[in-house]
Amino acid sequence: MVRRWLGPWLALVLLLALHAAGAEARVDAQVDRERLSLAESLLLTIRVTGSLDAEVPDLSALERDFELLGTSRNSSFSIGGGQRETATEWQITLAPRRSGQLRIPPLAIAGEQTRAITITVDNDAPHAAASGEVRLEVDTDHDELYVQQQLLLTVRVLHAVNLNRGATLEPPAIDDALVQELGENTYTKTIAGRRFAVFERRYAVFAQRSGELLIPSLGFRASVGGAGGWFDQFGARAIRLRSPEKRLRVLPPVDAATPWLPARVLTLVETWDKDPQTLRAGDSATRTITLRARGLTAAQLPPLPSAAVDGLRFYPDQPRLEDTPQDDGVLGSRSESAAVIAGRAGRFVLPPIELRWWDTQNRRFETALIPERTLEVTGATGSARGPTQPLPPSTTGESPTDIDATTPDPARAKRAAPGSALPWMITTLLFALATLFSGWQWWRATRARPAPAPATTHPGAPDEAAAFAALQSAAGGTDPARLAEALARWGAAAFPGRQIRSAGDAIEVAGDPGLSAAFEQLLASAYGADRSGFDTDTAARLLACVTALRAGRPDDREPPTGLPPLYPV
């Protein structure tokens, strides 16, 4: 009964004692060293005695001269010798931002203030990037370079002890320069008989103006020692290293060259998706020019000069830019493609492409060159064909135009045996008589007709009808080159007296503005910069223009009364 009554009173007395201890809190601050180098760190300990729930101190006043590397908190309560003690302790790892006399100002906590502490930081720059067990190195491949020339910056961390998780390496922030990370590498290196693990990171730096280029001091911080686990970092020692600054001279462009292209290697390459010497009028081929430069980014490479050749049409695509990180820096590439369409047959000369660049290794100007190229463009299929010559088999599956079986073959006759000459002569004579009789009948018919039309130009003739059927099939497909070829075939069949070797020739002879506009729009949609693909609506409009032309031809009218036509449909 007495124990039950004393229990609550003992707890109340304990709480009152704790409250009284908190009311008499004392604050103290101390450091583990008051003199250190710029590459080292110190430990600031703030202890609040007599309180378990002291508020976190405001450490913002420290950030002016110090970098806060880490903060930990620990609370304790002890009873012994009739004395009770409570305490809260903060341990703050600080790294100096500069050398000289630095001051840790008074910090307010638990209604009290800590004392001010003065720290002396030595500027031992030659040794600032080494602590014996851990080293920091910064190297550049040039001490002097040209504006926009690539500078390789290599940062290495060498450590002979294991580093705990959370190690950080500052990236370079360089004024008036473009910095691009190239990659990382790890390996081992033996120095004075001691093996170091090496972490290496490479950067490509491009100065944007001449003058002085400052590589600032780079920082590395980590912790070593302790258990090294995720949750057990007690006993670890924080280290902080800084590299010395580097100053480089940047030269202006030589002879104020424009464009200014300082590179290790620069090349121009020309490729085609098909052999350009096999082009026919109306066909298309894609020409690609690729500019590659070691030591330049793709953004630094200029646009290539555009070609302008009479009789050739160019439909350029969007350029493709690509940067490839390599061991020796950046490989920048710019590819420009254009669909080339010959509007007619003939010889065309593509002008040379020259690009002047500065060789950074040999310090002299060089010229990358694509020599001029001569294209021999032949006529479109069927453009030079006579009225009695057959069309080649169509790619769309239409049967070729029927051929008159009585047409003589001189080559075959030449190969014939001497004994077979007489039947051949008789056949030829009969054919000549039949031709004379047909001509006489035609002469009689022309006398009875006031406005005759040549039967060979009638749209119902087999050649023109088959060519129009092929054009219909091509307009319903997805290949603009096939449609252009079919249009050239129809023009050659519809206008046999004209020299039609390409789709452009057929459109020019037809003289229809709607047909010309539809064909140009079709080419633009298939090969232009937008490259939206085969425009079926425009193809249908082109076919409608051809259909209207066929319907409006004078020999498409009904023949007048009189003798029937010699070759009825």
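Residues numbered from 1 in each chain as written. Predicted model: local features only at pLDDT ≥ 70, side-chain atom pairs only at ≥ 80, totals over all residues. Heavy atoms only, no water.

**Student:** Explain the overall build of the chain residue by residue, including any values.
**Tutor:** Of regular secondary structure, the chain possesses eight helices and 29 strands. The 569 residues of the chain split such that 38% are buried. Of the contacts formed within the chain by residues at least 6 apart in sequence, a portion of 69% connects residues at least 24 apart. For the chain, the exposed surface amounts to about 32200 Å²; the carbon and sulfur share of it is 53%. (Helix = DSSP H or I, 4+ residues; strand = E, 2+ residues; numbered from the N terminus. Buried < 20%, exposed > 50% of the residue type's maximum accessible area, 1.4 Å probe, protein only. Contact = heavy atoms within 4.5 Å. Areas by Shrake-Rupley, 256 points an atom, 1.4 Å probe, with all protein chains shown as cover.)

**Student:** Before we move on, can you summarise the sheet that holds strand β2 (residues 35–37) with the specific residues and values?
**Tutor:** Strand order in the open sheet formed by three strands is β2-β9-β6, and the pairing between neighbours is mixed. With partners counted over all chains shown, the strands left at the sheet margins are β2 and β6 (100–104), one partner each. Sheet twist, expressed as the mean angle between neighbouring strand axes with direction ignored, is 30 degrees. Judged from the five bridges that link them, β6 and strand β9 (residues 117–122) form a sheet pairing that is antiparallel. When the bridges of β9 are listed, L102 appears paired with I119. (Pairing = 2+ DSSP bridges. Axes fitted to C-alpha atoms, helices over the stretch in contact; angles between N-to-C directions.)

**Student:** Give me the lowdown on the pairing of strand β3 (residues 42–49), citing residues and values where you can.
**Tutor:** Across the eight residues of β3, six count as buried, placing the element largely inside the fold. Here strand β1 (residues 26–31) pairs with β3 via six bridges, running antiparallel. Each bridged residue has a counterpart across the sheet, and for V27 the counterpart in β3 is V48.

**Student:** Give a description of the packing of helix α5 (residues 480–494) against helix α8 (residues 536–551) that names residues and reports values.
**Tutor:** Two numbers describe how α5 lies on α8: the axes approach to 13 Å, and their chain directions differ by 5 degrees. By the angle class used here, α5 and α8 are roughly parallel. Residues L483, L487 and W490 of α5 pack against A539, L542, V546, L549 and R550 of α8. Of the residues in the contact of α5 with α8, the class split is seven nonpolar, no polar and one charged. (Parallel < 35°, antiparallel > 145°, perpendicular 65-115°, else oblique. Nonpolar A, V, L, I, M, F, W, Y, C, P; charged D, E, K, R; others polar.)

**Student:** Outline the pairing of strand β19 (residues 246–251), supporting the account with residue identities and numerical values.
**Tutor:** Bridge count for strand β11 (residues 144–146) against β19 is three bridges, and the pairing is parallel. Counted as the bridge partner of L145 is V250 from β19. Bridging between strand β16 (residues 211–215) and β19 involves five bridges; their strand directions are antiparallel. In the sheet register, L214 faces β19, and the bridge partner there is R247.

**Student:** Break down a nonpolar patch on the surface for me, with residues and values.
**Tutor:** Taken together, I426, L429, L430, L433 and L436 make up a surface patch of nonpolar side chains, about 530 Å² in accessible area. When you line up the elements, L429 lands in helix α3 (residues 421–448). (Patch = residues over 30% accessible without salt bridge, like charges linked within 9 Å, V, L, I, M, F, W, Y side chains within 5 Å. Salt bridge = Lys/Arg side-chain N within 4 Å of Asp/Glu carboxyl O.)

**Student:** Please provide a residue-by-residue account of the pattern of salt bridges, values included.
**Tutor:** If you walk through the whole model with that rule in mind, you get 26 salt bridges. Between D65 and R98 there is a salt bridge, and its shortest N-O distance comes to 3.1 Å. With D65 in the loop between β3 and β4 (66–80) and R98 in the loop between β5 (83–96) and β6, this pair connects stretches of sequence that are 33 residues apart. The buried category is assigned to D65, whose relative accessible area is 11%.

**Student:** Provide a residue-level description of the packing of α5 against helix α7 (residues 513–527), including the pertinent values.
**Tutor:** At a closest axis distance of 10 Å, the pairing of α5 and α7 adopts a crossing angle of 155 degrees. Relative to α7, α5 is oriented roughly antiparallel. Relative to α7, the crossing made by α5 is left-handed. Facing α5, whose interface residues are P480, A481, L483, A484 and L487, α7 presents F519, L522, A526 and Y527. In terms of residue class, the contact of α5 with α7 is built from nine nonpolar, no polar and no charged. (Left-handed = near helix turned anticlockwise from the far one by under 90°.)

**Student:** Lay out the environment of A469 with the relevant residues and their values.
**Tutor:** Residue placement: A469 occurs in helix α4 (residues 462–475). Placed 17 residues apart in sequence, A469 and A486 show a C-alpha to C-alpha distance of 9.2 Å.

**Student:** Let's hear about helix α6 (residues 503–510): which residues, and what values?
**Tutor:** Spacing of three or four residues puts side chains on the same side of an α-helix, whose turn is 3.6 residues. Extensive coverage of α6 is indicated by the burial of six of its eight residues. Every buried residue belonging to α6 is among A503, D505, A506, I507, V509 and A510, and all of these are buried. Elements that come into contact with the buried residues of α6 comprise α5, α7 and α8. Looking one or two residues beyond α6, the residue adopting positive phi is G511, at roughly 65 degrees.

**Student:** Go over the nonpolar core, please, and point to the residues and values.
**Tutor:** Counting residues in hydrophobic clusters, the biggest one holds 36 residues, and the most contacted among them are L471, L483, L487, W490, F519, Y527 and V546. Counting residues per element, the ones that place at least two in this core are β25 (329–342), α4, α5, α6, α7 and α8. The biggest single contributor to this core is α5, with eight residues. Excluding residues within four positions of it along the chain, L471 makes contact with L483, A486, L487, W490, L543 and V546. Grouped together as the second largest cluster of nonpolar side chains are 30 residues, L151, V155, L213 and V250 included. (Core = buried A, V, L, I, M, F, W, Y, C linked by side-chain atoms within 4.5 Å.)

**Student:** So what's going on with the sheet that holds strand β14 (residues 177–191)? Residues and values would help.
**Tutor:** Read across the open sheet, the four strands follow the order β10-β12-β15-β14; overall the sheet is antiparallel. Across the chains shown, the open sheet's two edge strands, defined by having one partner strand only, are β10 (134–140) and β14. Neighbouring strand axes in the sheet, compared pairwise and without regard to direction, differ in orientation by 15 degrees on average.

**Student:** Go over the packing of aromatic side chains with me, naming the residues and quoting the values.
**Tutor:** Per the stated rule, a full pass over the model turns up six aromatic pairs. With a centroid separation of 6.0 Å and an interplanar angle of 35 degrees, the aromatic rings of W260 and W358 are classed as tilted. Here W260, found in the loop between β19 and β20 (262–263), pairs with W358, found in strand β27 (residues 353–359); they are 98 residues apart in sequence, far enough to count as distant. For the residue pair W260 and W358, the accessibility class agrees, reading buried in each case. Among the aromatic side chains, those forming a connected cluster through ring pairs are Y146, W260, W358 and F365. Directly above the aromatic system of F365 lies the positively charged group of R356, at a separation of 3.6 Å from the ring centroid. Over the face of the ring belonging to F468 we find R550, whose NZ or CZ atom lies 4.1 Å from the ring centre. (Phe/Tyr/Trp six-rings, centres within 6.5 Å; stacked < 30°, edge-to-face > 60°. Lys NZ or Arg CZ within 6 Å of the ring centre and 35° of its normal.)

**Student:** Can you lay out the environment of R294 for me, pointing to particular residues and giving the numbers?
**Tutor:** Relative to the elements of secondary structure, R294 occurs in strand β22 (residues 284–294). By relative accessible area, R294 is classed as partly exposed at 30%. Residues R294 and D323 lie 29 residues apart in sequence; the distance between their C-alpha atoms is 10.0 Å. Here R294 is in contact with A263, R264, V265, Q326, D328, V330 and L331, once residues within four sequence places are set aside. Polar contacts involving the side chain of R294 include one to the side chain of Q326, which spans 2.4 Å. (Polar contact = N/O pair within 3.5 Å; in protein donor to acceptor, adjacent residues only side chain to side chain.)

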